[in-house]
Every structure is written in C-alpha cells, then in structure tokens.
2 protein chains.
Amino acid sequence: MSLDQPLDPSLRDTLAQAVKEGFDDQIALTQEFVRRPSQRGEEHALQDFIFAELRGRGYQMERFAMDPEALANHPGAGKWSPQHSEAPIVVGIHRPREEAGRSLILQGHVDVVPTGPAHMWTDPPYGAVIRDGKMYGRGAGDMKSGLVCAISALDALRRAGWQPAATVYLQSVVEEESTGDGALMAHIRGYKAEAALVPEPTGETLVRANLGVIWFRVEFEGIPRHVSEMGEGANAIDAAIRTIAALRELEMAWNDRRGEHPLFGEMAKPINLNVGRIEGGEWASSVPATAAVDFRISLLPNWDVKDCAAEIEAHLKAFVSGDPFLSNNPPRLIWNGFMSDGYEQPEGTEAEAVLARAHEAAMGRPLEAKATPAYIDTRIYALFDQIPSLCYGPKNALSHGFDEYVEIDSLERVTLSIALFIAEWCGLEPVDPA
Amino acid sequence: MSLDQPLDPSLRDTLAQAVKEGFDDQIALTQEFVRRPSQRGEEHALQDFIFAELRGRGYQMERFAMDPEALANHPGAGKWSPQHSEAPIVVGIHRPREEAGRSLILQGHVDVVPTGPAHMWTDPPYGAVIRDGKMYGRGAGDMKSGLVCAISALDALRRAGWQPAATVYLQSVVEEESTGDGALMAHIRGYKAEAALVPEPTGETLVRANLGVIWFRVEFEGIPRHVSEMGEGANAIDAAIRTIAALRELEMAWNDRRGEHPLFGEMAKPINLNVGRIEGGEWASSVPATAAVDFRISLLPNWDVKDCAAEIEAHLKAFVSGDPFLSNNPPRLIWNGFMSDGYEQPEGTEAEAVLARAHEAAMGRPLEAKATPAYIDTRIYALFDQIPSLCYGPKNALSHGFDEYVEIDSLERVTLSIALFIAEWCGLEPVDPA
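Conventions used here
- Residues numbered from 1 in each chain as written.
- Chains lettered and ligands numbered in written order.
- Predicted model: local features only at pLDDT ≥ 70, side-chain atom pairs only at ≥ 80, totals over all residues.
- Heavy atoms only, no water.
- Domains from an automatic or database assignment.
- Buried area = accessible area lost by both parts, 1.4 Å probe.
- Salt bridge = Lys/Arg side-chain N within 4 Å of Asp/Glu carboxyl O.
- Polar contact = N/O pair within 3.5 Å; in protein donor to acceptor, adjacent residues only side chain to side chain.
- Helix = DSSP H or I, 4+ residues; strand = E, 2+ residues; numbered from the N terminus.
- Least-squares fit on C-alpha atoms with pLDDT ≥ 70 in both.
- Contact = heavy atoms within 4.5 Å.
- Core = buried A, V, L, I, M, F, W, Y, C linked by side-chain atoms within 4.5 Å.
- Buried < 20%, exposed > 50% of the residue type's maximum accessible area, 1.4 Å probe, protein only.
- Axes fitted to C-alpha atoms, helices over the stretch in contact; angles between N-to-C directions.
- Left-handed = near helix turned anticlockwise from the far one by under 90°.
- Nonpolar A, V, L, I, M, F, W, Y, C, P; charged D, E, K, R; others polar.
- Phe/Tyr/Trp six-rings, centres within 6.5 Å; stacked < 30°, edge-to-face > 60°.
- Lys NZ or Arg CZ within 6 Å of the ring centre and 35° of its normal.

Some remarks on the domain arrangement of chain A
Residue and element names in this part refer to chain A.
Then, in step 1: Annotation of chain A at the domain level lists domain 1 (11–210 + 342–430) and domain 2 (212–340).
Then, in step 2: Between the C-alpha centres of domain 1 and domain 2 there is a distance of 33 Å.
Then, in step 3: Here domain 1 and domain 2 share an interface that buries about 1,500 Å² over both sides, 61% of which is from carbon and sulfur atoms.
Then, in step 4: When the area that domain 1 buries against domain 2 is broken down by residue, the three leading residues are Lys79, Gly342 and Pro373, summing to 32%.
Then, in step 5: Across the contact surface, domain 1 and domain 2 share zero salt bridges.
Then, in step 6: In this assembly, domain 1 and domain 2 are joined by three residue pairs in polar contact (both at pLDDT 80 or more).
Then, in step 7: Considering every element that reaches the side of domain 1 that touches domain 2, the biggest residue donor is strand E9 (residues 206–210), with three residues.

Things to note about the relation of the copies chain B and chain A
Then, in step 1: The transformation that overlays chain B on chain A combines an axial shift of 0.0 Å with a rotation of 180°, and the residual RMSD is 0.0 Å. Read as a symmetry element, the transformation amounts to a two-fold axis. The rotation axis passes nearest to the C-alpha of Glu279(B) in chain B, at a distance of 2.1 Å.
Then, in step 2: Here 100% of the contact residues of chain B are again contact residues in chain A; the copies associate through an equivalent surface.

Focus on the nonpolar core
Then, in step 1: Of all hydrophobic cores here, the largest spans 91 residues; its most connected members are Phe33(B), Ile50(B), Leu104(B), Leu106(B), Phe421(B) and Ile422(B).
Then, in step 2: The element best represented in this core is helix H13 (residues 408–426) of chain B, accounting for 12 residues.
Then, in step 3: Taken domain by domain, this core gets at least three of its residues from each of domain 1 (11–210 + 342–430) and domain 2 (212–340) of chain B.
Then, in step 4: Each residue touching Ile50(B), except ones within four places of it in the same chain, is listed here: Phe33(B), Val90(B), Val110(B), Leu147(B) and Ser172(B).
Then, in step 5: Ile89(A), Val148(A), Ile151(A) and Leu154(A) belong to the second-largest nonpolar core, a separate cluster that totals 90 residues.

Let's talk about the packing of helix H1 (residues 9–34) of chain A against helix H4 (residues 140–159) of chain A
All names here are of chain A.
Then, in step 1: Orientation of H1 relative to H4, taken along the N-to-C sense of each, is 140°, at an axis distance of 8 Å. Classified by chirality, the crossing of H4 by H1 is right-handed. Here H1 contributes Leu15, Ala18, Val19, Glu21, Gly22, Gln26, Leu29, Thr30, Phe33 and Val34 to the contact with H4, which in turn contributes Ala140, Lys144, Ser145, Leu147, Val148, Cys149, Ile151, Ser152, Ala156, Leu157 and Arg159.
Then, in step 2: Of the residues contributing to the contact of H1 with H4, the split by class is 13 nonpolar, five polar and three charged.

Quick notes on the interface of chain B and chain A
Reports of interface size often rely on the accessible area that becomes lost once the parts have come together.
Then, in step 1: Taken together, the 56 residues of chain B in the interface contact 56 residues of chain A.
Then, in step 2: Three residues, Trp283(B), Ala284(B) and His400(B), lead the burial of chain B against chain A; their summed loss comes to 14% of the area buried on that side.
Then, in step 3: The interface formed by chain B and chain A includes two salt bridges.
Then, in step 4: Measuring nitrogen to oxygen at the nearest pair gives 3.3 Å for the salt bridge that ties Arg248(B) to Asp238(A).
Then, in step 5: Between chain B and chain A we count 22 residue pairs in polar contact (both at pLDDT 80 or more) in total.
Then, in step 6: Where the side of chain B that touches chain A is concerned, the elements lending two or more residues are strand E10 (212–221), helix H7 (236–256), strand E11 (273–280) and strand E12 (290–299) of chain B.

Here we look at the pattern of salt bridges
Then, in step 1: Counted under the stated rule, the structure contains 59 salt bridges over all chains.
Then, in step 2: Of the charged contacts, one joins Glu350(B) and Arg102(B) as a salt bridge, the two residues approaching to 4.0 Å between their closest N and O atoms. Pair noted here: Glu350(B) is in helix H11 (residues 350–363) and Arg102(B) is in the loop between strand E2 (89–94) and strand E3 (104–109), with a separation of 248 residues, a long-range link.
Then, in step 3: What you see here is one network of salt bridges that share partners, running through Arg217(A), Glu219(A), Arg277(A), Glu279(A), Asp294(A) and Arg332(A).

Brief notes about the packing of aromatic side chains
Then, in step 1: Tallying each qualifying case throughout the model produces 24 aromatic pairs over all chains.
Then, in step 2: Ring geometry for Trp254(A) versus Trp303(A): centroids 5.6 Å apart, planes at 75°, classification edge-to-face. Note that Trp254(A) is positioned in helix H6 (residues 236–256) and Trp303(A) in the loop between strand E12 (290–299) and helix H8 (305–321), a separation of 49 residues in sequence. For the pair shown, Trp254(A) and Trp303(A) are each scored as buried.
Then, in step 3: The aromatic ring of Phe49(B) is capped on one face by Arg36(B), whose charged end is 3.9 Å from the ring centroid.
Then, in step 4: We note Arg63(B) situated over the ring of Phe51(B); from NZ or CZ to the ring centre the distance is 3.8 Å.

So, in structure tokens, the structure goes:
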C-alpha cells in the first residue's frame, strides 16, 4: 500500500478486529505499566521493562542517559535540580524495508506525580484495579495507558499483517512532570521525524494549544528566637505566607491579560499559580528560621518564558523591598524545573487531517480540538522541530488526584485511531514480504 | 552549723573562693554538656554522662524511664506523641548525716531545641566556643550551664569542707521544651522537697510568674487535582494559610484580655501564637492534598489550660464551619505536646527571702523578680507540690536562636548565689565529721 492510494475502506474493520483481538493483552500490559511505581527518579524498573517489551517485539533499541550539559545549553530545558531523574530514555525503532511513507515519533512519558496518602485512594495507588469499565491508579491516565495504546496500535497493524512503510520511533521518556527534559533529550539525541504524536489523555480530542510552565522555589531565612521574644511577623513562615499573597497578585495580573491569546482568553482563569509544596520551621516553640515554597505557574503560548521569569523575579523583588522583614532577609529565588514556552498546533496541517480521518473512522464522530492549560511534551517537536505535533489520547479523569483513572473502552477506540493514523501517515508494507 | 545560727559572714568569701577555684573545671564541664547534642529524643548520651559525673561525686543515683500511663493520668502532663523522648530522668541524691535543714530539689533540663541550619551560626551549634566572655552553643544558655551551676555550687561547698544538712535532689530531666513531662515524671516518681530551684537563664532575676503553654497541630486533607483543573482555594496549603489567619484572631482576642493578670497586663503582647512548623504538598504541579501546621500558644497563669484548649477547639470549629472548603474537608486538631497551666510564685516565702539574701551577698545588689512569657518546669513544683519554686539563673541571650550564648561571668556569680542559698536553706554540715 503506498501513499498514493487512499486507505482501503476494509482496513478500518480489519484493524478494529486486530485491536480487539489484542485488547486483553493490551490491558494486561497497561496494568504491568501502572503497577511499576515510577515517580521522578524511580522510573528505572519500568523503563527496563519497556525496553524488554519493545525488544521482544523486534524493534531496534536505544537507551540513553540525560546529558546535563547538552540540556543546559538548550533554551527549552528545565532547570537541573538534585531531584532530576537519572532514569534512561528508551527508544524502540521501526525501520521499514522501503522508506516509502512519512516518518513518525510516537512518544509517551512514564514518570508519574506523587500519589499523596494511600488512605485517600479507594484502591492502592499502583493497584491498576479495574472496576466499572475504568482502570484506577497513578499513571493509569497520565499517561501509561496512552503509551500502551501507541505500542498496541503497532501490534494491531502487525497482527493484521502490516507494518509502517516509514521509520517510527517509539519513545518512552521521563521528566515530563517536572522539566520536559526527557522528550528534549530525545530531540537533542537527534531523533527527528515528519510528525509526532503524544497520546496523553486528552479525552479523545486534539490539543490545539497548551500553556508554558515555570517552576520556581522561594527559600526564606529569618532570625529565630524563643517565641517569648517573638517580634511581629519576623519569622520565615509568616514571610512565606506574605510572599504567597504577593505572588497571587501577579497571577491575577497575568490572568487579566489572558485575552492576549484567543484560545485562552475565553477561559475564566487559564493561568494558575500553584503553591504545590511548603515546608518551614522545626519546632512549635521556636520562631521558624527557614521556610521554602515550591511554585508552579503557567503562561500563554504567545508569551516568552524568559520574559515571564524576569517578571516573576521583578515582582518578587518589588514586594521584598517593601517588606520590613524581607528587605533585611531577602529570600532566594530558585528556578528548579520547567522553564517552558507554550505552543500552538496550527490548524490545517496534513498530519491533523490524517488524524481527523483516522479518528472519525475509529469513533464515528469528527475530531475536536481544544486548548489545555497544562504542560505537554508535544511542545518540544512543535517548537524545536517545527513539525506537526499532535497530542491526542484516551478519556481519563483525576490526573494528579486520588482515584485517577482511564476509561477502558476509550483505550480500544484510541488504539484503533492511532493504528489508522499510522496506516495513512506512514503508509503500510506487509510484515511478511513473501 | 545549724539553722538557728545566721550564716557566718565569712562564708561568703570562703565560698566565693571555692567557686573561683573550681571555675575552670565548671566551664570545662559546661562545654562537655553543650558538646553533647541533646535534641528531643537524643538526650541519652548526655544523661548517661551526667549520671557518671554525679555518681563520681558520691551521690546516690537513680535513673528511670517515663511512665506514659502514669503521665496520662496526671492533669499536668503533656500529650504523648511519637516524638516523645525515651531518654531517662537522672537523679543524684545527697542525704545528710543528720536531716537538720530544709530539703531541696535542684533541677535542670538537658533537652535543647533544634539548631536550625548550621550555616546560620557563627560557630558550630554544639561547639561551645568561648569568645569575649561568652560561651556559644545550643543549650549553652537554655539551660545546660544553669544545671552545671547547681552541680558546681554543691562542688564548691564541698571544696570548702561543707555539705547540705538536708536532702538535696539533683534532677536532670528531659522534655522541658515540649511537654514538661520530664520534671513531672520526677514528681510522679515521688521526689518531694521543701523548695525547688531551677537555674534557667533568667538574667540573674527571679521569675515571679510564667505563662501556660499549649501545643497543637492542625492537619488538613483536601482533594488534589492536576493544577490545570485547580479550583479556587480548594487546596490544603491555602486552607492551612486561612486557618493560621483565623487563629491569629484568637491570639489577638486573648491578648486583649491580658489585663486579667496584673503582671502580664503591662506587656504589649504577652500571648504569642507561634506557627512553628508547616509542611504541605508533594509536587509543584499538583494541587496539595495535605498540609499540617504545628502551633504553640501561651495563656495567662490565672487561666485554666483546659478552658483555653476548649476555646481553641471552638474557635477552629467556628472558622471551619464558615469556610466552604474546610467545612467539607474538616481539619484534624491534635494536642501533641504542652497542655500546661502557668503559675505564679507568690511573694513573701521564706525560700525567696533566703534566695534574696544569697543573691545580694553574691552580686552586691538586690534580687529583682519578673514575669516571663515562657514555659518553665518550676510550674510542676508550684502547682502540684505547692512548694516555693524558684526559677533563677544566669544571663544569656538568643535562646532557641542562632548564636545562643551564656555570659561566663554570670555563671560564677550565679554559682556562688546558689551555694549561699543552699547553705542557708539546707544548712550545712562538715563533709568530714572528724
């Protein structure tokens, strides 16, 4: 089958059948993924498992480490911190017999965010329990199941006797939840293609645009005393609380400018400043000497992340200079993660048209696109390779929350959709040339 | 020498000479104390060192553990928590040949509060460095040096050929900085005397009254989500910050009632609510699910600690019921340390008169008394034994802070003062009966 031919209409049903035949295995594989804890820095075992799974399928494999120096020289890199993962990036490579079609990167991240207290989950966070058509677990939605959809789409093609007629890179990355350095490392390593698809849980829609994200930490040091000598406000925790309030003003100001991007201007509050973590003090009866707050803030796709970081710094400085305690005990601002621009996936690309046809064939309804106020690794390919970079995946809920889940039915539909996308974008050649 | 005789006027100079002769050893011993870290739960090595030191001086020794059950049944006990120290209480017992005088408890605590970051100290926190007439270190002031003053006062008497003509208990306790359970355990164990002296660093004054203290912890749990779905205020750290503000209102209301005690009514703000410790969240990009804040608040000596605790609980409950997020996710209030009434040392006791004479003889100026807005273990003896309970000790600064120190000169004066107090209160008998 070459690109000049439209997809054989019977291919849809053939592939639907092939996805269905493999679906029990696909769900079992998804559970294997979810059951391997893979918080930041813990992804080693899962990445090795994926390496073995892909090699078992006959892909040529590469596995490589982060290159902190190369990352530091790249404008899209997150800021290195002691928490940065040292887990490898895993790439499975399919090369066709004849490079007839368009090449493709299929990418997913395996890192997950912390679970929070296990008692706040109905089931164990890494249990991958299936109930009422949903698989529950940290990473079940975001985004282990999506990565398995991509693997399973290729499995389904092969089950039907086909393989892509172009190079396909199956990239399993880390650090998506903290810096984006995993995907960036694959890019720096030199993996290039004519389109990228990242099956994040998008609710079966295409992401039209997403926000940039900045992580920063503010560290406070004060002069502790016995609480009986405590002066008003002269303590690090109180200083941190005042600073949080001051940064909320910046958040409000940025949201007031949301109209600068048409897709986000319609949202009530697209920009969120999240106070994700706080710690301070040591002893109930001592005035706290230290405090630290970890922040995450987002920015519109048409803003420059460096300008935004400068604005944060200036806003903080102005507040500090007017605060009696802080001006004498200036806090330390540390960029410790994401330093990422947003991106927009322009309408009208051929890749999107192919995905739209695949989606409609798989789902029986047109593909919708939406802007999402989150970070997604597709920005790497959109910004730095300038290729169509499609974020499209299954229906989930409660990402980063308790009882995170993905809808099982959706996994089957999305797998078929991806298989059909690969078929048309890459073209197909028979697995067995005979 | 019996109680019927006034102190021999020459005794002052004899004892001053004896204190001076032992002073190098006293300072070296104080350094040995300071150099043994003894934060809560870490006091084992220092208590064993003190046990050996006192036994070496010929005291009869007892060493005993906390009895959680007995403590739980006592109204003055702090609330048990997993952080409660398991270090022993050490008592050195002097028994006279003839029980002619008045018995005495000399007590100090060896537990110290956390040091904070070592880089914020000029010298290592446990270095016991001496410079410009001051010894620096965590616990140098509060209150290892005071305990050594008491030991050294008895050493000086002995050097001059005398020993107390009454039973003296030298009590080295723990848990003074968190529950007061160390001193209370000695009381429950049955150690009783006709007066108690606790050489806390009071700046060579007598404590006339001190405040009660309550420790409590408030734990928050919320529903975390991906920050892109974050609703207003629906996160545990924001909830903690709002709750801190609500409890500051209670602090203000209590301070408005400070006139209910004459000694504290003159202070601008005797009641302090200290936000000593906070922790919350796990991940910059997740809405925090949990937060916890450790509070310390004080109360006037004529207030009842149980009423105050009930008032805190009611105030918190009222705030929570009016907060949309918290009313659906009510925080947990935990009493996790001090639950202590304050006390007042009434004027006009014979013990105070004896101390005043000793002080004036040692220092050449009259004894002053003051109220202090802190917790002190003397409350155990004042409240539960109803005996004169004297808190009196050296000049220090920066208790609980960086570069905490005690003034070396003051240690010599206070040691003499305590020796003279013992001489008159207990009476003296020759060490060598020959």
